[in-house]
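Below are the chains, spelled out letter by letter.
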Amino acid sequence: MLDGFSVPGVGSMAEREPWKQALADYVNALNEACVREDPRPLDAVRDPGHRRRLVRRLEASARRNRTEGIAPVRSELRARIVRQAAGDREALADVELHHIRSWKQREKPWLEERVERERLRFVRMGRVWRLDRIEPLFAETEAVWLETGAEAEAEGGPVFPVYGRGPGVAPAPYFHPEAVSKFRLYTGEWDAYRGIPYRREEAVAYADLWWNKSNPEYETFEVNCTNYVSQCLFAGGAPMNYTGRRESGWWYKGRQNGREWWSYSWAVANALTGYLSRPRAFGLRAERVASPYELALGDVICYDWDGSGTFRHTTVVTGFTPDGAPLVNANTVNSRRRYWDYRDSYAWTEATRYAFFHVADEF
């Protein structure tokens, strides 16, 4: 049986601020469309551009679900107003929409969560308030700000966790104790032991702990997906490759002189894709595989939305459907146990291409 839920509390607030009734109507239409996988309730959305976005992603994910034998069970959509400004004839609101959905495949269920933020404009027409413009605030894509040529990695840098030994080095933001214990200091030089295990369950535990909030020990970026995935890999025991150069290695050093220091590969999707694609004898390394069904917990998926060869989003594998398809966690649009192909994303297109990385079991 399919269940749908209304927006908690918004209806009562509408008595004091009438434009909030239009918000409640919008969220209820979204929830009904999602739980039924039927675009017809979206006819109530008066912004034609946003209605097309909603219908496109609903139809794309519904086609996938029919092919894979996935059925919706239950859907709840919670709305939280982050900020608002209202006048006599117009109101603006930034709204956080928390989707909580149950799916099933072969009668076995799983729970997905996703948090989206939108900017809504309401206008008063006579005695009625209408929602007339809707703008997604964060798309699951990065601006192309790093030149491909700058990503060429200079191999040979030391592989070690960066922490407080020496002047001006900030304390560690987060360390897996096993990763730290595998390194020792000889006369001021780092000597890496081989064979550090990748603790996949701990990478997943970190991903679940921080999927919808930011670890305050790290910098948080407006587009935070790759920074989040790098933290998950590090939490699983992947040792940093600290070169001191932004364009090489894979590292995060923390704050020095009021500035955060990190490599492009730590925080930029296309740079991490390039880093994982290159073979190396030790340290963080991965094998690019052909199918998502070859992935394990703690593995990484990178997304090229337009087929151009530039990757602009990154996720980490945290679970599987009953048929073995990956479920992923991500930041920017914070997501937990989301189906890996992202057909339910505004960023997805028919040209989307993926890079699947199976992270080595030992570093």
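Residues numbered from 1 in each chain as written. Predicted model: local features only at pLDDT ≥ 70, side-chain atom pairs only at ≥ 80, totals over all residues. Heavy atoms only, no water.

1. Here we look at the nonpolar core
Most often, soluble globular proteins have nonpolar side chains that are buried together.
Here's step 1: Tyr228, Leu233, Trp250, Trp266, Leu284 and Val300 are the most contacted members of the largest nonpolar core, which has 40 residues in total.
Here's step 2: Put simply, the parts of the chain that give this core at least two residues each are α5 (200-209), α6 (225-235), α7 (264-267), α8 (269-277), β11 (300-304) and β15 (353-359).
Here's step 3: When residues in this core are grouped by element, the largest group, six residues, is from α6.
Here's step 4: One finds Ala33, Ala91, Leu97 and Trp129 within the second-largest nonpolar core, a separate group that totals 23 residues. (Core = buried A, V, L, I, M, F, W, Y, C linked by side-chain atoms within 4.5 Å. Buried < 20%, exposed > 50% of the residue type's maximum accessible area, 1.4 Å probe, protein only. Helix = DSSP H or I, 4+ residues; strand = E, 2+ residues; numbered from the N terminus.)

2. Some thoughts on the pairing of strand β4 (residues 108-125)
For a regular strand, side-chain orientation follows a simple rule: the groups alternate between the two sheet faces.
Here's step 1: Where strand β3 (residues 90-105) meets β4, 16 bridges bridge the pair, whose relative direction is antiparallel. Pairing of Leu92 across the sheet is with Arg121, part of β4.
Here's step 2: Taken together, the two bridges between β4 and strand β14 (residues 335-339) define a ladder with antiparallel strand orientation. Each bridged residue has a counterpart across the sheet, and for Glu113 the counterpart in β14 is Arg336.
Here's step 3: Bridge count for β4 against strand β5 (residues 128-136) is eight bridges, and the pairing is antiparallel. Pairing of Phe122 across the sheet is with Leu131, part of β5.
Here's step 4: Here β4 folds back onto β5, and the loop between the two strands holds two residues, one of which, Gly126, carries a positive phi near 70°. (Pairing = 2+ DSSP bridges.)

3. Quick word on α5
Here's step 1: Among the residues of α5, those classed as buried are Arg200, Ala203, Val204, Tyr206 and Ala207. One face of α5 carries all of its buried residues, which in axial projection span an arc of 160°.
Here's step 2: Looking at the buried positions of α5, the neighbouring elements they touch are α6, β12 (313-320), β13 (326-330), β14 and β15. (Arc of directions from axis to C-beta. Contact = heavy atoms within 4.5 Å.)

4. Notes on the packing of α5 against α6
Here's step 1: Interhelical geometry of α5 versus α6 gives an angle of 140° and a closest axis separation of 7 Å. Judged by the angle between their axes, α5 and α6 are oblique. In the packing of α5 onto α6, the handedness of the crossing is right-handed. Between α5, through Glu202, Ala203, Tyr206, Ala207 and Asp208, and α6, the contact on the second element is made entirely by Tyr228, Gln231, Cys232 and Ala235.
Here's step 2: When grouped by side-chain class, the residues that make up the contact of α5 with α6 number six nonpolar, one polar and two charged. (Axes fitted to C-alpha atoms, helices over the stretch in contact; angles between N-to-C directions. Parallel < 35°, antiparallel > 145°, perpendicular 65-115°, else oblique. Left-handed = near helix turned anticlockwise from the far one by under 90°. Nonpolar A, V, L, I, M, F, W, Y, C, P; charged D, E, K, R; others polar.)

5. Observations regarding the layout of surface pockets
Here's step 1: By volume, the largest pocket is sized at about 310 Å³.
Here's step 2: Forming the boundary of the largest pocket are 20 residues, of which Arg117, Phe138, Asn212, Thr332 and Asn334 lie nearest the centre.
Here's step 3: The element contributing the most residues to the lining of the largest pocket is β4, with three residues.
Here's step 4: Its boundaries defined by the atoms lining it, the second largest pocket holds a volume of some 200 Å³.
Here's step 5: What lines the second largest pocket is simply Ala22, Asp25, Tyr26, Ala29, Ala44, Val45, Arg46, Asp47, Trp129, Arg130, Leu131 and Ile134.
Here's step 6: Of all the elements in the fold, those that place two or more residues in the lining of the second largest pocket are α2 (19-36) and β5.
Here's step 7: Tallied by class, residues from the lining of the second largest pocket come to eight nonpolar, no polar and four charged. (1 Å grid on protein atoms, 1.4 Å probe; cavity = no way out; pocket = protein on both sides within 12 Å on 5 of 7 lines; lining within 4 Å. Points joined across faces, edges and corners; volume = space filled by probe spheres on them.)

6. Comments concerning empty space enclosed by the protein
One way to see where empty space is left: roll a probe the size of a water molecule over the atoms.
Here's step 1: All chains considered together, the criterion is met by five cavities of 30 Å³ or more.
Here's step 2: Of the voids in this model, the largest cavity is the one considered here, and its volume is about 250 Å³.
Here's step 3: Lining the largest cavity are 21 residues, and of these Cys34, Ser61, Arg101, Arg114 and Asp344 sit closest to its centre.
Here's step 4: Residue assignment for the lining of the largest cavity shows that the elements contributing at least two residues are α2, α3 (48-68), β3, β4 and β14.
Here's step 5: Looking at the lining of the largest cavity element by element, the count peaks at six residues for α3.
Here's step 6: Here the residues of the lining of the largest cavity are counted per class, giving ten nonpolar, three polar and eight charged.
Here's step 7: Around the second largest cavity, the lining residues are Glu116, Arg117, Pro136, Phe138, Ala139, Glu140, Val333, Ser345, Tyr346 and Ala347.

7. As for the packing of aromatic side chains
Here's step 1: Under the counting rule described, the total for this entry stands at 19 aromatic pairs.
Here's step 2: A ring pair is formed by Tyr206 and Trp210, whose centres lie 6.3 Å apart and whose planes are at 45°; its orientation type is tilted.
Here's step 3: Judged by its relative accessible area of 3%, Tyr206 falls in the buried class.
Here's step 4: Taking the relative accessible area as the measure of exposure, Trp210 reaches 15% and is therefore buried.
Here's step 5: An aromatic cluster is defined as three or more aromatic residues linked by ring pairs; in this entry it consists of Tyr303, Trp305, Tyr339, Trp340, Tyr342, Tyr354 and Phe356.
Here's step 6: We note Lys213 situated over the ring of Trp210; from NZ or CZ to the ring centre the distance is 5.2 Å.
Here's step 7: Over the ring of Tyr342 we find Arg338, and its NZ or CZ is 3.9 Å from the ring centre. (Phe/Tyr/Trp six-rings, centres within 6.5 Å; stacked < 30°, edge-to-face > 60°. Lys NZ or Arg CZ within 6 Å of the ring centre and 35° of its normal.)

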